[in-house]
Structure formats: structure tokens, C-alpha cells
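As a plain string of letters, each chain reads:
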Amino acid sequence: MRGFFFVLLLYNFLFMKQITSVQNPFIKSLVQLQEKAKVRKQTGTFLIEGKREIELALKGGYELETILFLPEIISEKQLNDLTTKPLNVIEISKEVYQKLAYRDTTEGILAIAKTKSLALSDLKLSKNPLILVGESLEKPGNVGAILRTADAANIDAVIIANPKSDLYNPNIVRSSVGCLFTRQIAIGTTEEVIAYLKSNNINIYSATLQDSTEYHTQNYTIPTALVVGTEATGLSEKWRTESTKNIIIPMQGEIDSMNVSVAAAILLFEAKRQRGF
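Remember, predicted model here, so these are calculated numbers, not experimental data.

What counts as what
- Residues numbered from 1 in each chain as written.
- Predicted model: local features only at pLDDT ≥ 70, side-chain atom pairs only at ≥ 80, totals over all residues.
- Heavy atoms only, no water.
- 1 Å grid on protein atoms, 1.4 Å probe; cavity = no way out; pocket = protein on both sides within 12 Å on 5 of 7 lines; lining within 4 Å.
- Points joined across faces, edges and corners; volume = space filled by probe spheres on them.
- Helix = DSSP H or I, 4+ residues; strand = E, 2+ residues; numbered from the N terminus.
- Nonpolar A, V, L, I, M, F, W, Y, C, P; charged D, E, K, R; others polar.
- Buried < 20%, exposed > 50% of the residue type's maximum accessible area, 1.4 Å probe, protein only.
- Polar contact = N/O pair within 3.5 Å; in protein donor to acceptor, adjacent residues only side chain to side chain.
- Contact = heavy atoms within 4.5 Å.
- Salt bridge = Lys/Arg side-chain N within 4 Å of Asp/Glu carboxyl O.
- Pairing = 2+ DSSP bridges.

## Some points on the layout of surface pockets
Inference 1: Volume-wise, the largest pocket comes out at about 410 Å³.
Inference 2: What lines the largest pocket is a set of 22 residues, among which Ala207, Thr208, Leu209, Asp256 and Ser257 lie closest to the centre.
Inference 3: For the lining of the largest pocket, the secondary structure elements donating two or more residues are β12 (245–248) and α11 (260–274).
Inference 4: Taken together, the residues that form the lining of the largest pocket break down as twelve nonpolar, seven polar and three charged.

Structure below.
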């Protein structure tokens, strides 16, 4: 599979500077890249849509392979302003752009980028880290919203335990508005993440209903990992038994849970408040 994409990219680089047909084999390969996590994993690449998202990816150290642009929306000068590195640039038709783009308001530009390692061992933490952990998050929109919250709070890292979605899923890239590229992110099994946190002497505060105390009574000025799970199933038993303290956000209405991204925001900004922002 990787060889197939390499041949397409090489062919494109040498012979194609303009693509107008959605039946073009290179465009068909990019549709697969959008739709299939398996293809993204095999090729080590993914698609980014939008000028701001591409700028954030470059700022976050992501390497771009190819840029595709719709000249009716974005000029070559604007493309040149994005990066000083030589890139393979392809002009595409409106039909091709609409085939690849998830949104109509992304300024007529897409990029093929290389994925990064998401290993726990790659994380570089401060002396007093603040980390958000999400377990088994299923909805790409929730993952994206959590990444936006993590960026707003400027925390050390986001860790996804037992991920249910490929983090380079186009819906996550889109819903994070580029914040996927601005935070340190790692993935691992629940057991791996707990072991990592404990080996780094990071206190674990698990948001769960069982055996919990109100979240605002705890001290988050020390090395802290705040852990949230899905609305449907909450956190697994492992988190409840291995945490420093189980915490709860008091609910005053009829329901006993809230959207995971909202819960994460409440917890993170309480921690930031205690730390003096």
C-alpha cells in the first residue's frame, strides 16, 4: 500500500500540476485516505483541510507532502506565504475540491501531511504537569471539543486511553479546529496509561459516580491527571480502583451526567484556577 501511494505521489510530482477529474487515480487514493483509518495507518499520512488548520499543523511540527488548492478561492501567493519549504503543489477543479473537502468554508486548500508518533514515551512534561485523560471516547466531535478545551487551558498533554477512533480521522481534525496539532497527544491502553502516570508520580483524579468526592475539594496544584469517560458507560473499574481520588461534578437537575467535553472543561479550568492560571 505504501508503495502504491509513493508511485502515485511521484507520478503526480513529475507529471501533474493540475487535476480536474474526480476519477483521477490520485484523487481516488485521497478519498480512501479520508475515509479509511487503515489507509492512513498504512501510508502514515492524512488530509488536512483549511488554511488555519494547515498553519497550525506547520506550527506543531507536522511535515506536509502535498498541497492542493482551488485557484478561485486561494491564490498562489497565499500558498507561498504558508511555508518556505518547497512543496508539491497541485491546482484542482471545484469538482475535485468538493469531492475531497468536508466543509465549504475552508478557503479552498487541502494538504497531505505525515502522521506523528503518539506514544506515551514521546511526551515531554513540565515539572508540575496538568494532563487530561479521556477513556474510550467514541464520538469524533467530543474528541475534537476536548482538544479545543485542552488548548484553551494550555495544559501539558491529552492522553486517549483505549481509543475508539483514529485521531487523524477527518472529523476529529475538523472538530478540533486544528487543536489536534497544538497539544501534545498520546494514546495507549488503560493499563499503559495508568502505569505511565504512576511511574511519573502524577496524581490521578477520576471523574466517576462511585466512591467519589466533589471535584472542587481536591488539590490540583500538584502533578495532576484528570480522567473522564463516556456518558454512556463512564470510566472502567481500573480507573476507579487505581486513582488517587475519585471526583464528581455535583448535578442539580434530573440527569446524572453531562457531555464529556463539558465535564473536561469544568475540571480543567478548576485546576487552572487553583494554579493561578
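More follows now that the structure is in view.
## Quick word on empty space enclosed by the protein
Inference 1: Per the stated rule, a full pass over the model turns up one cavity of 30 Å³ or more.
Inference 2: Roughly 70 Å³ of internal volume is contained in the largest cavity.
Inference 3: As for the largest cavity, its lining consists of Gln34, Leu47, Ile48, Glu49, Tyr102, Arg103, Leu110, Pro170, Val173 and Arg174.
Inference 4: Where the lining of the largest cavity is concerned, the elements lending two or more residues are β2 (45–49) and α8 (170–175).
Inference 5: In terms of residue class, the lining of the largest cavity is made up of six nonpolar, one polar and three charged.

## A few points about the side chain of arginine 183
Inference 1: By the element assignment, arginine 183 lies in the loop between α8 and β8 (184–188).
Inference 2: On the basis of relative accessible area, arginine 183 is assigned to the buried category, the value being 17%.
Inference 3: Side-chain polar atoms of arginine 183 contact the side chain of asparagine 154, separated by 3.0 Å.
Inference 4: Polar side-chain contacts of arginine 183 include one of 2.8 Å to the backbone oxygen of isoleucine 155.
Inference 5: Sequence-distant contacts of arginine 183, defined by excluding residues within four places in its chain, comprise Leu147, Ala150, Asp151, Asn154 and Ile155.

## Considering the pattern of salt bridges
Inference 1: Enumeration over the complete set of coordinates arrives at eight salt bridges.
Inference 2: Notably, a salt bridge pairs glutamate 55 with lysine 51, separated by 2.8 Å at the nearest N-O pair. One end of the pair is glutamate 55 and the other is lysine 51, both in helix α4 (residues 51–59) and four residues apart, which spans about a single turn.
Inference 3: Across the pair arginine 240 and glutamate 237 runs a salt bridge whose closest N-O atoms are separated by 2.6 Å.

## Examining the pairing of strand β9 (residues 203–207)
Inference 1: Judged from the four bridges that link them, β9 and strand β11 (residues 224–228) form a sheet pairing that is parallel. If you follow tyrosine 205 over to β11, its bridge partner there is leucine 226.
Inference 2: In this structure, β9 lies alongside β12, joined through three bridges in parallel fashion. By the bridge assignment for β12, tyrosine 205 is matched with lysine 245.

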